[in-house]
Amino acid sequence: MQYLTHTLSNGLRIVHKPDPSPVSYCGLAINVGTRDELPHEHGMAHFIEHLIFKGTSHRKSWHIITSMEEVGGELNAYTTKEETFLYSVFLERYFEKAIGLVSDMAANSIFPEKETIKETDIVLDEIESYNDSPSDLIFDEIEEILFDEYAIGRNILGSVDSLKNFTHKDIVEFHHRNYTADRMVFFSLGNTDFKKIVRLAEKHLSGIPAGSAPLIRQLPELYKPQSKKANRDTHQTHYILGNRAYTLHHPDRIALHLLNNILGGPGMNSMLNLSLRERSGLVYNVESNFAPYTDTGALTIYFGSDPKNMNRCARLIEKELSRLREAPLTSNFVEKAKKQLLGQMTIATESKENLALSLGRSILHFNRFDSIEESAEKLKLITPEKLQQIAQEVFAPELLSKLIYTE
């Protein structure tokens with residue numbers, strides 16, 4: 001995977017992957033998310049992601065939202081527990097337009113009061129919409145259980161009370177504290193010459209303050225599994241299991257990705273899909289997910305079913321988990337699973353937008369980006385015995401928390 005890097009004098013890193021397509025991608029990966037909020041700032045990272053579209057010292061809101069659209073491009077942003085992404089998709093000849101807009105939004109947003117009031121109502125509506133979707137909400141609530149009382153466990157959107165109490169001073173202080181060059185990576189994918197990219201980055205990004213405060217994230221303490229039930233207005237029962245899992249930097253992270261793919265990944269041949277849906281006809285959706293963070297991680301197993309089938313589904317899941325814990329999978333099975341995961345990863349890189357975002361995130365956290373060939377070499381080293389060992393650690397029954405939504 002050929003890519004080029006450069007670091008500006010303020011510490012902001014630049015990464016570019018050459019691509020002959022007439023369509024280009026560029027943006028900022030910023031090392032700030034929900035877990036970097038102080039207690040009174042719950043939802044602030046996501047709220048600022050909205051507000052940076054609402055005006056800068058150089059551009060009005062209407063200019064920001066139409067600037068790339070009027071030349072056929074797109075402008076987008078999103079927030080995670082640990083990152084904020086701001087990026088644009090455009091025809092290559094508009095590269096300077098895109099980098100100028102993205103850098104202005106990140107560095108010079110002014111958070112006008114009128115726009116802040118309007119956007120508060122929009123995010124409050126987003127929260128209510130999310131609360132109406134139990135199959136989404138349950139994933140946030142299981143992480144609140146896994147990381148009890150820690151910012152990493154809080155949902156990204158914030159709460160009604162926290163949003164209504166944000167002041168202009170709170171917003172400005174969060175932005176100044178976190179939108180600094182040492183926490184940013186400018187990523188680019190396209191046909192623009194790298195020397196031009198560096199020159200334009202120096203013009204538009206070198207004025208961003210370097211930042212001096214170290215990024216300190218509170219590490220969750222000892223985990224205590226819990227089981228909870230909640231009443232929701234839903235015709236289905238929603239059921240989720242969870243445990244803390246490996247970090248982004250754990251040596252067995254790739255192996256856990258493989259194990260998760262085998263258990264309940266997107267393939268119709270996953271163990272859980274074959275057991276609960278194909279053989280038993282009990283669910284429409286069953287899945288497992290692995291979310292690694294910088295210093296912890298979460299593994300979840302979810303299904304939605306008719307209430308009368310819940311216990312049977314739970315028993316079938318435990319049967320599959322026991323199978324993974326009690327004996328190694330066959331070498332032939334594991335080799336096929338490696339081919340499947342590698343194929344999925346390779347196909348995912350065909351989405352240039354996906355690839356550009358992955359490039360930014362990887363440089364942000366690892367300062368490198370693995371090629372498919374390098375990933376394949378790491379997969380080769382994973383043995384059936386290693387997968388069994390991981391299953392015994394992550395799927396130990398006494399470590400699994402449980403959350404159930406019922407009528």
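These numbers were taken from a predicted model, which means no experiment stands behind them.

Engineer: What am I meant to see in the sheet that holds strand β11 (residues 401–406) here?
Structural biologist: Paired through their backbone hydrogen bonds, the strands of a sheet run either parallel or antiparallel. Pairing is mixed in the open sheet, where 5 strands are placed in the order β7-β11-β8-β10-β9. Two strands in the sheet have a free side with no partner beyond their single neighbour: β7 (227–231) and β9 (283–292). Sheet twist, expressed as the average angle between the axes of neighbouring strands with direction ignored, equals 15 degrees. Two elements, strand β8 (residues 237–244) and strand β10 (residues 297–305), share 8 bridges in a ladder whose sense is antiparallel. Bridge assignment links His238 to a residue of β10, and that residue is Gly304. Together, β9 and β10 form the strand contacts of helix α9 (residues 253–264), whose direction differs from that of β9 by roughly 175 degrees.

Engineer: Honestly, the pattern of salt bridges in this entry has me stumped. Any pointers?
Structural biologist: A side chain of one charge can pair with a side chain of the opposite charge when the charged atoms of the two come close. Counted according to the given criterion, the structure contains 26 salt bridges. For Glu37, the salt bridge is made with Arg154, and the minimal N-O distance between the two is 3.6 Å. In this pair, Glu37 is assigned in the loop between β3 (23–30) and α1 (44–51) and Arg154 in the loop between α5 (134–146) and α6 (160–164), connecting sequence segments 117 residues apart. With respect to class, Glu37 is no different from Arg154; both count as buried. Notably, a salt bridge pairs Glu41 with Arg177, separated by 2.7 Å at the nearest N-O pair. Taken as a pair, Glu41 in the loop between β3 and α1 and Arg177 in helix α7 (residues 168–178) lie far apart in primary sequence, 136 residues in all. The partly exposed category is assigned to Arg177, whose relative accessible area is 31%.

Engineer: Please clarify how the nonpolar core should be interpreted in this entry.
Structural biologist: If you look at soluble globular proteins, the nonpolar side chains tend to sit buried side by side. Core analysis: the largest hydrophobic core is formed by 47 residues, its most contacted members being Leu12, Leu86, Phe186 and Leu205. Considering every element that reaches this core, the biggest residue donor is helix α3 (residues 95–108), with 7 residues. Among residues more than four places away in sequence, those in contact with Phe186 are Leu12, Arg13, Ile14, Val15, Cys26, Gly27, Leu28, Phe95, Ile99, Ile197 and Leu205. Formed by 40 residues, the second largest nonpolar core is a distinct cluster that contains Ile262, Ile301, Leu329 and Ala391.

Engineer: Which parts of the structure should I look at to understand the UniProt feature "domain: Peptidase M16 C-terminal" (unreviewed entry) in the protein?
Structural biologist: UniProt records the feature "domain: Peptidase M16 C-terminal" (unreviewed entry) at residues 165–341, using the numbering of this structure. Helix makes up 41% of residues 165–341 and strand 22%, with an end-to-end C-alpha separation of 45 Å.

Engineer: For this particular structure, what's the right way to read the packing of α9 against helix α15 (residues 384–394)?
Structural biologist: Where α9 contacts α15, the axes come no closer than 10 Å and their chain directions differ by 80 degrees. By the angle class used here, α9 and α15 are roughly perpendicular. Between α9 and α15, the contacting residues are Ala255, Leu256, Leu258, Leu259 and Ile262 on the first element and Lys386, Leu387, Ile390, Ala391 and Val394 on the second.

Engineer: Explain helix α14 (residues 372–380) here, please?
Structural biologist: In an α-helix, one turn spans 3.6 residues; hence positions three or four apart end up facing the same way. Every buried residue belonging to α14 is among Ile372, Ser375, Ala376 and Leu379, and all of these are buried. When α14 is viewed along its axis, its buried side chains cluster within an angular range of 105 degrees and face the same direction. Along α14, the residues that are exposed and aim more than 90 degrees away from the buried face are Glu373 and Lys380. Where α14 is buried, its residues contact α9 and α12 (331–348).

Engineer: Even after reading the chapter, I still don't get the UniProt feature "domain: Peptidase M16 N-terminal" (unreviewed entry) in the protein, so can you show me in this structure?
Structural biologist: Sites flagged by UniProt as "domain: Peptidase M16 N-terminal" (unreviewed entry) map to residues 15–158. What you have in residues 15–158 is 42% helix and 18% strand, and the ends, taken at the C-alpha atoms, are 32 Å apart.

Engineer: Help me out: how do you make sense of the side chain of Thr116 in this one?
Structural biologist: Here Thr116 shows up in helix α4 (residues 113–131). Discounting chain neighbours no more than four positions away, the residues touching Thr116 are Phe47, Leu51, Phe111 and Ile171.

Engineer: Can you walk me through the environment of Pro397 in this structure?
Structural biologist: Following the sequence through the fold, Pro397 ends up in the loop between α15 and β11. For the pair formed by Pro397 and Ser24, sequence separation is 373 residues and the distance between their alpha carbons is 47 Å. Residues in contact with Pro397, not counting those within four places in the same chain, are Glu318 and Arg325.

Engineer: Where do I start with the sheet that holds strand β1 (residues 4–7) in this structure?
Structural biologist: Taken together, 6 strands build an open sheet; the order of strands is β1-β2-β6-β3-β5-β4 and the sheet is mixed. Either end of the sheet is taken by a strand with one partner, and the two such strands are β1 and β4 (74–79). Within the sheet, the average angular offset between the axes of one strand and its neighbour, ignoring direction, is 15 degrees. Across 6 bridges, the pairing between β3 and strand β6 (residues 184–190) is antiparallel. Counted as the bridge partner of Tyr25 is Leu189 from β6. Against the sheet, helix α13 (residues 352–366) makes contact with β2 (13–18), β3, β4, β5 (84–91) and β6, and its axis sits at roughly 150 degrees relative to β6, the strand it touches most.

Engineer: Before we go on, may I ask you to explain the packing of aromatic side chains in this structure?
Structural biologist: All chains considered together, the criterion is met by 10 aromatic pairs. Note on Phe95 and Phe186: the rings are 6.3 Å apart at their centroids and 85 degrees apart in plane angle, and the pair reads as edge-to-face. Linking Phe95 in helix α3 with Phe186 in strand β6, this pair joins segments that are 91 residues apart in sequence. Across the pair, Phe186 and Phe95 agree in class, each one buried. A ring pair is formed by Phe139 and Tyr302, whose centres lie 5.3 Å apart and whose planes are at 50 degrees; its orientation type is tilted. You can see Phe139 sitting in helix α5 and its partner Tyr302 sitting in strand β10, a full 163 residues away along the chain. Residue Tyr302 is classed as buried on the basis of its relative accessible area of 4%. What links up through ring pairs into an aromatic cluster is the set Tyr78, Phe85, Tyr87 and Phe187. For the cation-ring pair, Arg232 lies above Tyr405, with the distance from its terminal atom to the ring centre recorded as 4.8 Å.

Rules used throughout
- Residues numbered from 1 in each chain as written.
- Predicted model: local features only at pLDDT ≥ 70, side-chain atom pairs only at ≥ 80, totals over all residues.
- Heavy atoms only, no water.
- Pairing = 2+ DSSP bridges.
- Helix = DSSP H or I, 4+ residues; strand = E, 2+ residues; numbered from the N terminus.
- Axes fitted to C-alpha atoms, helices over the stretch in contact; angles between N-to-C directions.
- Contact = heavy atoms within 4.5 Å.
- Salt bridge = Lys/Arg side-chain N within 4 Å of Asp/Glu carboxyl O.
- Buried < 20%, exposed > 50% of the residue type's maximum accessible area, 1.4 Å probe, protein only.
- Core = buried A, V, L, I, M, F, W, Y, C linked by side-chain atoms within 4.5 Å.
- UniProt positions renumbered as here; feature names shortened; annotations may be inferred.
- Parallel < 35°, antiparallel > 145°, perpendicular 65-115°, else oblique.
- Arc of directions from axis to C-beta.
- Phe/Tyr/Trp six-rings, centres within 6.5 Å; stacked < 30°, edge-to-face > 60°.
- Lys NZ or Arg CZ within 6 Å of the ring centre and 35° of its normal.

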